[in-house]
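Examination of the molecular architecture
What follows is each chain in one-letter form.
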Amino acid sequence: MQHLPAAKQLSAHVREEIDRLVAQFPPGRQRSAVIGALHAVQQENGGYLTQELMEAVAGYLGIPAIQVFEVASFYSMFETRPVGRHSISVCTNISCMLCGGEQILAHVEKKLGIAVGESTADGKFYLKKEEECLAACTGAPMMMVDHKFHENVTLARVDEILDALE
Ligand code: FES
């Protein structure tokens, strides 16, 4: 596969990870590795993607940059602007709302001093836009922190979880 010059911006670790992903698909189907590639790049870049890094992924995979931008902007697990290191999503959809999800969200906002969509000034926390149902309704109310689900949370448990993060 021919890599474009922008691909040089990717670390050796990320390139190895992309190679591993590409090898899982038939020849010519490297586009299927975009999601995994973006995960690897985002993780290494402190939790968000830049245009340059997305172009580098496209260059490495040998596909048009628009195909990478489409994926990055469609899926809520990707961030395309600088955000805090720890990503917090509080579910306030129906099951969680009925079980106190809105109070959980208000507590997190007050504790961190930020509103939904904002990051703390020290770059530690990012309170993501309220998600739709995160498919853990039986454990309502729930919140997701760095892609890990926490169910049946209470205000005290929220404090424990957030205070334990580095
Ligand atoms: S409503 Fe919150 S996980 Fe389903």
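Before reading further, recall that the structure is shown in the block above.
Let me begin by describing the structure that accompanies this report. Note that the structure is a prediction, hence the values are computed from the model and not measured.

1. A closer look at the packing of helix H2 (residues 34-44) against helix H4 (residues 65-74)
With their axes 10 Å apart at the nearest point, H2 and H4 run at an angle of 70° to one another. As the angle between them shows, H2 and H4 are arranged roughly perpendicular. Where H2 abuts H4, its residues Val-34, Ile-35 and Leu-38 lie against Val-68, Val-71 and Ala-72. Classifying every residue of the contact of H2 with H4 by side-chain character gives six nonpolar, no polar and no charged.

2. Here we look at the side chain of His-150
Positionally, His-150 belongs in strand E4 (residues 148-150). Setting aside anything within four residues of it in sequence, one finds His-150 in contact with Pro-141, Met-142, Met-143, Val-145, Arg-157 and Ile-161.

3. Some remarks on the sheet that holds strand E2 (residues 125-127)
Taken in spatial order, the four strands line up as E2-E1-E3-E4 in an open sheet, and their pairing is mixed. Each end of this open sheet is capped by a strand with a single partner; those strands are E2 and E4. When strand polarity is set aside, the average angle formed by the axes of neighbouring strands in this sheet is 25°. Relative to strand E3 (residues 143-145), strand E1 (residues 86-90) runs antiparallel, the two sharing three bridges. When the bridges of E3 are listed, Val-90 appears paired with Met-143. Those strands touched by helix H6 (residues 101-112) are E1 and E2, and its axis lies near 150° from that of E1.

4. Here's the deal with a nonpolar patch on the surface
Where nonpolar side chains cluster on the molecular surface, the patch consists of Ile-94, Met-97 and Leu-98 and spans about 300 Å² of accessible area. Its place among the elements puts Ile-94 in helix H5 (residues 94-98). You can call Ile-94 partly exposed: its relative accessible area is 49%.

5. Some points on the nonpolar core
Counting 24 residues, the largest nonpolar core has Leu-10, Ile-18, Leu-38, Val-57, Leu-61 and Val-68 as its most contacted members. Mapped by element, the contributors of at least two residues to this core are helix H1 (12-22), H2, helix H3 (51-61) and H4. If one sorts the elements of this core by residue count, H3 sits on top with seven residues. Core analysis: the second largest hydrophobic core is formed by 16 residues, Ile-88, Leu-127, Val-158 and Leu-162 among them.

6. Some words on the packing of aromatic side chains
Under the definition given, this model contains one aromatic pair. On the numbers, 4.9 Å between centres and 90° between planes, the contact of Phe-74 with Tyr-75 is edge-to-face.

7. Description of the environment of Ala-56
Tracing the sequence through the fold places Ala-56 in helix H3. The class of Ala-56 is buried, set by a relative accessible area of 0%. Taking the C-alpha atoms as reference, Ala-56 lies 36 Å from Met-142; in sequence the two are 86 residues apart.

Thresholds, definitions, all that
Residues numbered from 1 in each chain as written. Predicted model: local features only at pLDDT ≥ 70, side-chain atom pairs only at ≥ 80, totals over all residues. Heavy atoms only, no water. Axes fitted to C-alpha atoms, helices over the stretch in contact; angles between N-to-C directions. Helix = DSSP H or I, 4+ residues; strand = E, 2+ residues; numbered from the N terminus. Parallel < 35°, antiparallel > 145°, perpendicular 65-115°, else oblique. Contact = heavy atoms within 4.5 Å. Nonpolar A, V, L, I, M, F, W, Y, C, P; charged D, E, K, R; others polar. Pairing = 2+ DSSP bridges. Patch = residues over 30% accessible without salt bridge, like charges linked within 9 Å, V, L, I, M, F, W, Y side chains within 5 Å. Areas by Shrake-Rupley, 256 points an atom, 1.4 Å probe, with all protein chains shown as cover. Salt bridge = Lys/Arg side-chain N within 4 Å of Asp/Glu carboxyl O. Buried < 20%, exposed > 50% of the residue type's maximum accessible area, 1.4 Å probe, protein only. Core = buried A, V, L, I, M, F, W, Y, C linked by side-chain atoms within 4.5 Å. Phe/Tyr/Trp six-rings, centres within 6.5 Å; stacked < 30°, edge-to-face > 60°.

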